[in-house]
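Structural overview
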Amino acid sequence: MIISKPTIISSIMNFEDRYQYNREYNIFETNEVNQSTLLWRYMSLAQFVSLLEKKALFFSKPVYFRDSYEGSFSKYDVDQILRDHDSYLFGGSDFQKKIEWLKKYITIHLEHAAVNCWHINEEESAAMWDIYLKSNEGLAIKTTFGNLRSSFVNPRFRIHVGKVQYIDFNKDMASTNVFESLFYKRKSFKYEQELRLLVLSEDKRYFSTETGTYISVDINKLIGSIHVSPTSPGWFKEIVESLTHKYGLEDKPVIQSDLYSDPLY
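Calculation rules
- Residues numbered from 1 in each chain as written.
- Predicted model: local features only at pLDDT ≥ 70, side-chain atom pairs only at ≥ 80, totals over all residues.
- Heavy atoms only, no water.
- Core = buried A, V, L, I, M, F, W, Y, C linked by side-chain atoms within 4.5 Å.
- Buried < 20%, exposed > 50% of the residue type's maximum accessible area, 1.4 Å probe, protein only.
- Contact = heavy atoms within 4.5 Å.
- Helix = DSSP H or I, 4+ residues; strand = E, 2+ residues; numbered from the N terminus.
- Pairing = 2+ DSSP bridges.
- Arc of directions from axis to C-beta.
- Expected span 1.5 Å × (residues − 1).
- 1 Å grid on protein atoms, 1.4 Å probe; cavity = no way out; pocket = protein on both sides within 12 Å on 5 of 7 lines; lining within 4 Å.
- Points joined across faces, edges and corners; volume = space filled by probe spheres on them.
- Nonpolar A, V, L, I, M, F, W, Y, C, P; charged D, E, K, R; others polar.
- Axes fitted to C-alpha atoms, helices over the stretch in contact; angles between N-to-C directions.
- Parallel < 35°, antiparallel > 145°, perpendicular 65-115°, else oblique.
- Phe/Tyr/Trp six-rings, centres within 6.5 Å; stacked < 30°, edge-to-face > 60°.

**Overview of the nonpolar core**
Nonpolar side chains tend toward joint burial in soluble globular proteins. Phe48, Leu195 and Ile223 are the most contacted members of the largest nonpolar core, which totals 64 residues. Filtering out sequence-adjacent residues up to four positions away, Phe48 remains in contact with Met43, Leu139, Ile141, Ile223, Ile226, Val240 and Leu243. Residues Trp40, Tyr42, Leu133 and Ala140 belong to the second largest nonpolar core, which totals six residues.

**Observations regarding the pairing of strand β1 (residues 38–44)**
Most of β1 sits inside the fold, with five of its seven residues counted as buried. When β1 meets strand β4 (residues 138–144), the two strands line up antiparallel, connected through seven bridges. In the sheet register, Tyr42 faces β4, and the bridge partner there is Ala140.

**Structural notes on helix α3 (residues 75–84)**
Taken together, the buried positions of α3 are Asp77, Val78, Ile81 and Leu82. Down the axis of α3, the buried set is contained in an arc of 130 degrees. They therefore lie on one face. For α3, the secondary structure elements touched by its buried residues are α4 (95–110).

**What about the pairing of strand β8 (residues 194–200)?**
Extensive coverage of β8 is indicated by the burial of seven of its seven residues. Alternating positions in β8 separate into two faces, Glu194, Arg196, Leu198 and Leu200 on one and Leu195, Leu197 and Val199 on the other, with burial throughout. Pairing between strand β5 (residues 160–163) and β8: four bridges, direction antiparallel. Paired with Gly162 across the two strands is Arg196, which belongs to β8.

**Topic: helix α9 (residues 234–246)**
If you check α9, its first and last C-alpha atoms are 19 Å apart, about what 13 residues at 1.5 Å a residue would give, namely 18 Å. Listed in full, the buried residues belonging to α9 are Phe236, Val240, Leu243 and Thr244. Angular distribution of buried residues about the axis of α9 spans 100 degrees; they occupy a single face of the element. Seen from the open side of α9, the exposed residues pointing more than 90 degrees away from its buried face are Gly234, Glu238 and Lys246. Its buried side turned inward, α9 meets α2 (45–54), β4, β10 (225–228) and β11 (254–256). Just downstream of α9 lies Gly248, where phi reads positive at about 70 degrees.

**Here we look at the layout of surface pockets**
It is a probe the size of a water molecule, rolled over the atoms, that shows where empty space is left. Roughly 990 Å³ of internal volume is contained in the largest pocket. Around the largest pocket, the lining comprises 33 residues; the ones closest to its centre are Arg41, Tyr42, Gln47, Phe65 and Tyr132. Looking at the lining of the largest pocket residue by residue, the classes come out as 18 nonpolar, six polar and nine charged. Here the second largest pocket defines a volume of roughly 580 Å³.

**So, the packing of α2 against α9**
Their axes nearest at 11 Å, the elements α2 and α9 cross at an angle of 10 degrees. In terms of orientation, α2 and α9 fall into the roughly parallel class. Residues Leu45, Phe48, Val49 and Leu52 of α2 lie in contact with α9, whose contacting residues are Phe236, Ile239, Val240 and Leu243.

**Some words on the packing of aromatic side chains**
Here a ring pair, both rings aromatic, is described through the centre-centre distance and the interplanar angle of the planes. This model, assessed by the stated rule, comprises 10 aromatic pairs. Measuring from centroid to centroid gives 6.2 Å for Trp235 and Phe236, while their planes differ by 75 degrees, and the two rings are edge-to-face. The class of Trp235 is partly exposed, set by a relative accessible area of 45%. You can call Phe236 buried: its relative accessible area is 0%.

Next comes the structure, spelled out in C-alpha cells:
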C-alpha cells in the first residue's frame, strides 16, 4: 500500500484542528494538570546516561511499542469509517480486506509520529517501578509539568501535550484520525496515568533515527530530583550521584526510594 505525502499532510492538519478544540486530552492549565503538577519518568541507567549525554529526550515511534492498540481505531470508529467511506477505498466489499487495509493505513501513519511518555502522580508508583524497569538498577526523574514544557530547546517539531484517556475499545469512541487516537488507550492501562508528548512529521526522514527522534532539552530545567529504585543496591546510588556531578547537576538531589523499607512499628 502507498499512502501519499498529501494524505499524510491532510491527516496531520485534521489532527491539528481536532487538537485545538478537544479539551479532554489537549490540556493547558486545567484543574487536573497545571504548571506544578508532578510528573515522573522511569528509566534504566543507560537511558539516563543517554539523556545526560545527548541532552535530549527520545520520542519513540508507536509502531515499536508493545501495545498493539497504539493509534488503533475502536470498534465504534471502524464502524463509522466503513459506513462513511466508499468501499473501493478499503478493498471492495470483502470485510476482511477492508480491515487489513485499515491496519496497513494505521501502521503507515504511525511511522510519521513519535511520542514521549510521563507518569502523573504526587508520589512514586510501585506499579511503574515493577513494570518499566528490567532490573534493580533503575531510576526515575521527577519534575513538574511547567518545567517539562519549558525545558525544550528550540524544538524542530511542534510538541503536542495531552493527558491520555482510557476507554473501552469495544464500546467507546476514540477517533477516526490515527494521530488523535494516540491519546486514547485501553482501560487496562489506566494505572499509567499518562501524560503524552507527541510530535508529527510529514516526512519521516526528518526523525533523527529509524525508531524515533531526539529532541533537545535543558536538563537543568527538566530534572527536579532523581529517585533510584527501591530494590537497587547501595553502590547504585553512588554511581548516579557521580553522574550528576559529571554533568553539572550537583544541586539535583539523588534520593534512594524507601518504598519497600520496613515499617517503623
